[in-house]
Amino acid sequence: MTDTGVRAVRQEVLRGADRIGAATPPGRDRAVDALRAAAVLGVVLGHWLVTALVSDGRTLRTASPLQHMPWLAPISWMFQTLAVFFLVGGHVATRGHASARARGVPYHQWLTGRLARLFKPVAAVLGLWTVAALALLLSGAEFGTVRTLVKLALSPLWFLLVFAGLTAATPLLTRLNPLWPLAVVLHVDLLRFGLGGPSWLGWVNVAAAWAVPYTLGAAWTRGELERRRAGWVLLGAGTAATAALVAWAGYPASMVGVPGEGMSNLDPPSLAVVTFGLAQCGLALLLRERLRHTMRRPVAWAAVALVNLSAMTVFLWHQTALMATTATGLLAGRLPGLHTPPDGLGWVGVRLLWLPVFASALVVCWAAFRSFERNGGGRGRRSRVVRAHRPSDRGAAAKARHV
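It should be emphasised that the depicted structure is a prediction, and the values quoted were computed from it without experimental measurement.

### Structural notes on the overall build of the protein
Scanning the protein from terminus to terminus reveals 18 helices and two strands. Scaling as 2.2 N^0.38, a compact globule of 403 residues should have a C-alpha radius of gyration of about 22 Å, and the protein matches this with 22 Å. Based on the C-alpha atoms only, the size of the protein along its principal axes is roughly 65 × 65 × 40 Å. Residues counted as buried form 48% of the 403 residues belonging to the protein. Once local pairs closer than 6 in sequence are excluded, the contacts in the protein between residues at least 24 apart make up 78%. Total accessible area computed for the protein in this model is approximately 19,700 Å², and 66% of it derives from carbon and sulfur atoms. Of the charged side chains in the protein, 41 are positive and 16 negative; the average position of the first set lies 9 Å away from that of the second.

### A short note on the packing of aromatic side chains
Enumeration over the complete set of coordinates arrives at 16 aromatic pairs. The interplanar angle of 70° and the centroid separation of 5.6 Å between the aromatic rings of Phe-85 and Phe-163 together place this pair among those described as edge-to-face. With Phe-85 in helix H5 (residues 82-102) and Phe-163 in helix H8 (residues 157-168), this pair connects stretches of sequence that are 78 residues apart. Of the two residues, Phe-85 and Phe-163, neither departs from the other in class, the shared state being buried. With a centroid separation of 4.0 Å and 5° between ring planes, the pair formed by Trp-317 and Phe-369 is classed as stacked. You can see Trp-317 sitting in helix H16 (residues 311-329) and its partner Phe-369 sitting in helix H17 (residues 345-374), a full 52 residues away along the chain. Each of the two residues, Trp-317 as well as Phe-369, counts as buried. Positioned above the aromatic ring of Trp-366, the side-chain terminus of Arg-370 is 4.6 Å from the ring centre.

### Quick word on a nonpolar patch on the surface
A surface patch of nonpolar side chains, amounting to about 300 Å² of accessible area, comprises Val-9, Val-13, Leu-14 and Val-299. Element by element, the count of residues in the nonpolar patch is highest for helix H1 (residues 3-22), at three residues. One can find Val-9 in helix H1.

### A closer look at the packing of helix H11 (residues 205-221) against helix H13 (residues 271-286)
Helix packing geometry: the angle between the two helix axes and the distance between the axes. The N-to-C vectors of H11 and H13 enclose an angle of 25°; their axes lie 9 Å apart at closest approach. Of the possible angle classes, the one that applies to H11 and H13 is roughly parallel. The two elements H11 and H13 meet at a crossing, and its hand is right-handed. Along its contact with H11, which presents Ala-209, Val-212, Pro-213, Leu-216 and Trp-220, the element H13 presents Val-274, Leu-278, Cys-281 and Leu-285.

### Some points on the side chain of Thr-242
In this structure, Thr-242 sits in helix H12 (residues 228-248). Residues contacting Thr-242, with those up to four places away along its chain left out, are Met-255, Ala-272, Thr-275 and Phe-276.

### Some thoughts on the packing of helix H7 (residues 143-154) against H16
It is at 7 Å that the axes of H7 and H16 come closest, and there the two elements cross at 145°. From H7, Leu-149, Leu-152 and Ala-153 reach across to H16, where they touch Leu-316, Gln-319, Thr-320, Leu-322 and Met-323. Residues of the contact of H7 with H16, tallied by class, amount to six nonpolar, two polar and no charged.

### Points about H11
Compared with the 24 Å implied by 1.5 Å per residue over 17 residues, the 24 Å span of H11 between its first and last C-alpha is a close match. Its maximal kink placed at Val-212, H11 deviates by approximately 35°, while the proline Pro-213 follows within four residues. Of all 17 residues that make up H11, 14 are buried, and the element is covered over most of its length. Gly-223, located one to two residues past H11, shows a positive phi value of around 85°.

### Description of the pattern of salt bridges
With the rule as written, the count across this model stands at nine salt bridges. Residue Arg-15 pairs with Glu-12 through a salt bridge whose shortest N-O separation is 2.7 Å. Of this pair, Arg-15 and Glu-12 both sit in helix H1, three residues apart, which is roughly one turn of the helix. We note a salt bridge from Arg-36 to Asp-33, for which the minimum N-O separation is 3.0 Å. Of this pair, Arg-36 and Asp-33 both sit in helix H2 (residues 30-50), three residues apart, roughly one helical turn. Asp-33 shares its class with Arg-36; the two are buried. Three or more residues joined by partner-sharing salt bridges are found here, namely Glu-12, Arg-15 and Arg-19.

### Structural notes on the pairing of strand S1 (residues 52-56)
Counting buried residues along S1, four of its five residues qualify, which places the element largely inside the surrounding structure. Across five bridges, S1 lies against strand S2 (residues 59-63) in antiparallel orientation. In the strand pairing of S2, Leu-53 is matched with Thr-62.

Quick notes on the rules
Residues numbered from 1 in each chain as written. Predicted model: local features only at pLDDT ≥ 70, side-chain atom pairs only at ≥ 80, totals over all residues. Heavy atoms only, no water. Helix = DSSP H or I, 4+ residues; strand = E, 2+ residues; numbered from the N terminus. Rg over C-alpha atoms; globule rule 2.2 N^0.38 Å. Buried < 20%, exposed > 50% of the residue type's maximum accessible area, 1.4 Å probe, protein only. Contact = heavy atoms within 4.5 Å. Areas by Shrake-Rupley, 256 points an atom, 1.4 Å probe, with all protein chains shown as cover. Lys, Arg positive; Asp, Glu negative; His and termini not counted. Charge placed at Lys NZ, Arg CZ, Asp CG, Glu CD. Phe/Tyr/Trp six-rings, centres within 6.5 Å; stacked < 30°, edge-to-face > 60°. Lys NZ or Arg CZ within 6 Å of the ring centre and 35° of its normal. Patch = residues over 30% accessible without salt bridge, like charges linked within 9 Å, V, L, I, M, F, W, Y side chains within 5 Å. Salt bridge = Lys/Arg side-chain N within 4 Å of Asp/Glu carboxyl O. Axes fitted to C-alpha atoms, helices over the stretch in contact; angles between N-to-C directions. Parallel < 35°, antiparallel > 145°, perpendicular 65-115°, else oblique. Left-handed = near helix turned anticlockwise from the far one by under 90°. Nonpolar A, V, L, I, M, F, W, Y, C, P; charged D, E, K, R; others polar. Expected span 1.5 Å × (residues − 1). Bend = angle between axes of the 7 residues up to and from the residue. Pairing = 2+ DSSP bridges.

These figures come from the coordinates and say nothing about function on their own.
Right, dumping it as structure tokens:
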């Protein structure tokens, strides 16, 4: 591309960024959107880096580089960002519920609107994979391969069910101290690990563990986490507790699931993943002012706004993008970093080269299915991240922070 072409593209990007900035409600806390975008992209990149579909003849099975290189576990921590998502979710939901009550909006109407934005995009994923699974089975594909693919594609749905449950319980969680769900997780782990209790007790933690960052988000809404001291306490205490649990209590170092591992910090959630999440939440709170400053840059804000506008689509379809690339690659044979066992640093290096290909496949999925998310809040409903910016709307827009 010539210098003139580069300048033209740059000017078009800047004009687009300026339009997005002008359409953003002036009172919006952009740091919240930046944290949400970072959390979603962290999950996506984490899955793309630690999930491998290994080809064994006609069968595909999942594998992870952490199986063969467990010393890479600390590097994986930066991609386990679910706690930040629940922190932001709790903050946004409690603010939204309070605003709805102030406007006289009934609870059921507020909840229906929020859940519609969550679950309408799910219908497209379920529909496509139902058809794909039936087609694969009828074509003679191995049942084990089909099960692996469907499980991988639908794995993000567990998160949405938990998030939806916490959202529905927002009126009860609005003033709940995060120490209460933390105490539940602590006692469940003491019972199942320390006293030999039944393993099914761990599933109590599915709600309790993620209620910890969610209720921290509610505390943020109440103004209890505005001082930087709160962020430093969460970061320091969470880091120290996680290190102690891994070093002396036998918890795995990996905060993501590892196939074949005897114990997982995520399936179901453990005390270690909760304390790790506390550290992440503390860091997120400490970064708020820096993020607000960074989001004043038009291009940076435009990128974050676009991710937020398509967050559900990106989250729901990123595994499908991975599998579509893997399946297409099989036509060219067994490709390194895509179909080969993740058993060395060479695999990691090649895998990094595949990330742009996965991203391109995800863009195709986004183009095909983004309308499900765009219309998720109801017919004609405008985005709450950016909206048509009319002079008469300024006063109302200034009040529309993360409702």
